[in-house]
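Residues per chain are reported as follows:
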Amino acid sequence: MANDIKHAAHAVDAAAVLGLLPSRPRLLALGEPTHGEDTLLHLRNELFRQLVEQEGYRTIAIESDCMTGLAVDDYVTSGTGTLDEVVEHGISHGWGTSAANRELVRWMRAHNEGRPASEQVRFAGFDGPLEITAAASPRQALTALHGYLSAHVDAGLLACTAEALDRLLGPDDRWTEPAAMRDPARSVGRSAEAGRLRLLADDLVALLDEQTPHLITATSREEWDRARLYGRTATGLLRYHSWMADTSPARLARLVGVRDQMMARNLLALAARGPVLVFAHNSHLQREKSSMRMGGNPLEWWSAGALVSARLGAEYAFVATVLGTIRHQGVDTPPPDTLEGILYALPEDRCVIDARRLAAALGDTRPAPRVSPWFGYAPFDPARLADSDGIVFVKDVPQS
C-alpha cells in the first residue's frame with residue numbers, strides 16, 4: 001500500500017493539479033482546513049500564477065467580502081487607489097494584514113500593467129458582506145443598484161425613490177447590532193421596514209433583468225454585471241437579516257445555509273468569465289454536506305461547492321488541502337493511523353495526491369478520523385475521499 005500511495009503523489013504545480021482532472025474545469029476550487037496561515041496562501045499564489053501563465057486562467061476568487069473586493073479588482077485592473085488602501089479595506093475578515101494576500105494583489109497589478117483588458121487577471125471576493133457574528137447593512141448594495149437603474153431607465157419604472165429607500169433603511173447601526181446574532185429580538189430583519197425593503201429589492205432586481213438589452217448597450221456588460229452583484233448582495237443580506245430575527249430551531253442552520261447560497265450565486269456569476277481559481281475553507285467548497293457546531297448545536301448545510309457542483313457538474317473541481325502539523329497552534333505530528341499520518345510518512349514536504357488512487361490504495365480500510373486540539377483547524381474526513389478530485393498535502397505549516 002505504501003508504494004501505491006507514493007506513486008499517487010506528485011510535486012505541487014498547476015500541471016499536476018489539472019492532470020488529476022478529465023478536463024479543465026470552469027471553477028477550480030482549492031480548499032484550506034484553517035485560515036490565516038501564509039504558507040497556504042503563498043502556495044495558492046504560486047498555483048494561481050502558474051494557472052495564469054500556463055493554462056489561461058484569468059480570475060481568482062477568495063473567501064472575502066464581494067462588495068469590498070470590487071476596490072481590489074479596480075486596483076489590479078486600472079491602478080485605482082493604492083496597494084495599502086485596497087489590501088486594508090478591500091480584503092475582509094482581517095485578512096488584509098496577510099503578507100501573502102498583499103503579495104497576490106501586488107503581483108496581479110504588475111501582471112496587468114500595459115495589458116489589454118482581455119488579457120488582464122481579475123480579483124473577486126465571493127463571500128457576502130458577513131462575519132460569523134454580524135452582517136452588514138444592505139444600504140451599500142441596495143443604493144448602488146437603485147442608483148444604476150435610476151441613471152439609465154425611466155424613473156416611472158422604479159418601485160421607489162432614493163429618498164424613500166433611505167428612510168426605510170434608517171441608521172446602519174440598526175442592521176449591524178452585534179447582539180442580534182445571539183438575541184433575535186435585537187435584529188431589525190423582520191421589521192415592517194425590512195419586509196418592505198425585501199419587496200423593493202426583488203422589484204429592482206426584476207427591473208434590472210427586464211432591462212438587460214438596453215442596459216448593456218447604454219452602459220457596458222461590465223457595469224451591468226456589477227449591478228447584478230449589487231442585486232444578489234442586497235437580496236441575500238435582507239434574507240440573512242430576516243433569519244437573524246427568527247426564533248425557530250432552524251435559525252442557525254438557515255443562517256449558514258444562506259451565507260453559502262450567496263457564495264454559490266457569486267461563483268456561478270464568476271464562472272461566466274471562466275476559468276476561475278476559487279480559494280476558501282474546505283467546508284465551503286466540498287461537494288458533500290458541511291457540518292459544524294455553533295452555540296452547542298450541530299448544524300448541517302449544503303456548501304457553496306455542493307451547490308455549484310450540482311449546477312456545473314464536471315466544470316467544477318474541488319481539491320482539498322490537508323495538513324500535517326501546525327505546531328504553533330498545538331497541532332503536532334498526526335497519529336499514524338489517520339489519513340494525515342499516512343501522508344506525513346511520505347518523503348515530500350508538500351505534494352499533490354490523486355484522491356481516487358489514494359482511496360483505491362486504502363481499499364475498504366479507511367483511516368481513523370484525526371481529532372484536532374485546536375478549534376481553528378478542521379482535519380480532513382477520510383470518509384470524504386471520493387468527494388475530492390485531489391488533495392494537496394502540506395507536511396508542516398510554520399508560523400507566519
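Details of the structure are given in the entry above.
In this text the structure is predicted, and so the values were computed from the model without any measurement.

Right, let's get into the overall build of the protein. Along its length, the protein carries 16 helices and 12 strands. Over its C-alpha trace the protein gives a radius of gyration of 22 Å, about what one expects of a compact globule, namely 21 Å for 400 residues. Across its three principal axes, the protein shows a C-alpha extent of roughly 70 × 55 × 35 Å. Relative to its 400 residues, the protein shows a buried fraction of 55%. Summarising the internal contacts of the protein: among those between residues at least 6 apart in sequence, 77% fall at separations of at least 24. Surface exposure of the protein reaches about 17,200 Å², of which carbon and sulfur atoms provide 51%. Positive and negative charge centroids in the protein, built from 41 and 51 side chains respectively, lie 3 Å apart.

Ranked by size, the top nonpolar core spans 46 residues in total, and within it Leu 28, Phe 48, Ile 60, Val 105, Met 108, Phe 123 and Val 392 carry the most contacts. Among the elements that make up this core, the one with the highest residue count is helix H3 (residues 38–55) (seven residues). In this view, Val 105 contacts Val 72, Tyr 75, Val 76, Leu 83, Val 86, Val 87 and Ile 91; residues no more than four positions away in its chain are not counted. Membership of the second largest hydrophobic core comes to 40 residues, among which are Ala 61, Ala 124, Phe 318 and Leu 346.

On the surface, a cluster of negative charge is made up of Asp 202, Asp 203, Asp 209 and Glu 210. Mapped onto the elements of the fold, Glu 210 is located in helix H9 (residues 192–210). Look at Glu 210 and you get exposed, because its relative accessible area is 57%.

In contact at an axis separation of 11 Å, helix H7 (residues 139–152) and helix H8 (residues 162–169) are set at 170 degrees when each is read in the N-to-C sense. Between H7 and H8, the angle falls in the class roughly antiparallel. For the pair formed by H7 and H8, the contact residues are Arg 139, Leu 142, Thr 143 and His 146 on the first element and Ala 162, Leu 165, Asp 166 and Leu 169 on the second. For the contact of H7 with H8, a count of residues per class yields four nonpolar, two polar and two charged.

Cut-offs used in this document
Residues numbered from 1 in each chain as written. Predicted model: local features only at pLDDT ≥ 70, side-chain atom pairs only at ≥ 80, totals over all residues. Heavy atoms only, no water. Helix = DSSP H or I, 4+ residues; strand = E, 2+ residues; numbered from the N terminus. Rg over C-alpha atoms; globule rule 2.2 N^0.38 Å. Buried < 20%, exposed > 50% of the residue type's maximum accessible area, 1.4 Å probe, protein only. Contact = heavy atoms within 4.5 Å. Areas by Shrake-Rupley, 256 points an atom, 1.4 Å probe, with all protein chains shown as cover. Lys, Arg positive; Asp, Glu negative; His and termini not counted. Charge placed at Lys NZ, Arg CZ, Asp CG, Glu CD. Core = buried A, V, L, I, M, F, W, Y, C linked by side-chain atoms within 4.5 Å. Patch = residues over 30% accessible without salt bridge, like charges linked within 9 Å, V, L, I, M, F, W, Y side chains within 5 Å. Salt bridge = Lys/Arg side-chain N within 4 Å of Asp/Glu carboxyl O. Axes fitted to C-alpha atoms, helices over the stretch in contact; angles between N-to-C directions. Parallel < 35°, antiparallel > 145°, perpendicular 65-115°, else oblique. Nonpolar A, V, L, I, M, F, W, Y, C, P; charged D, E, K, R; others polar.

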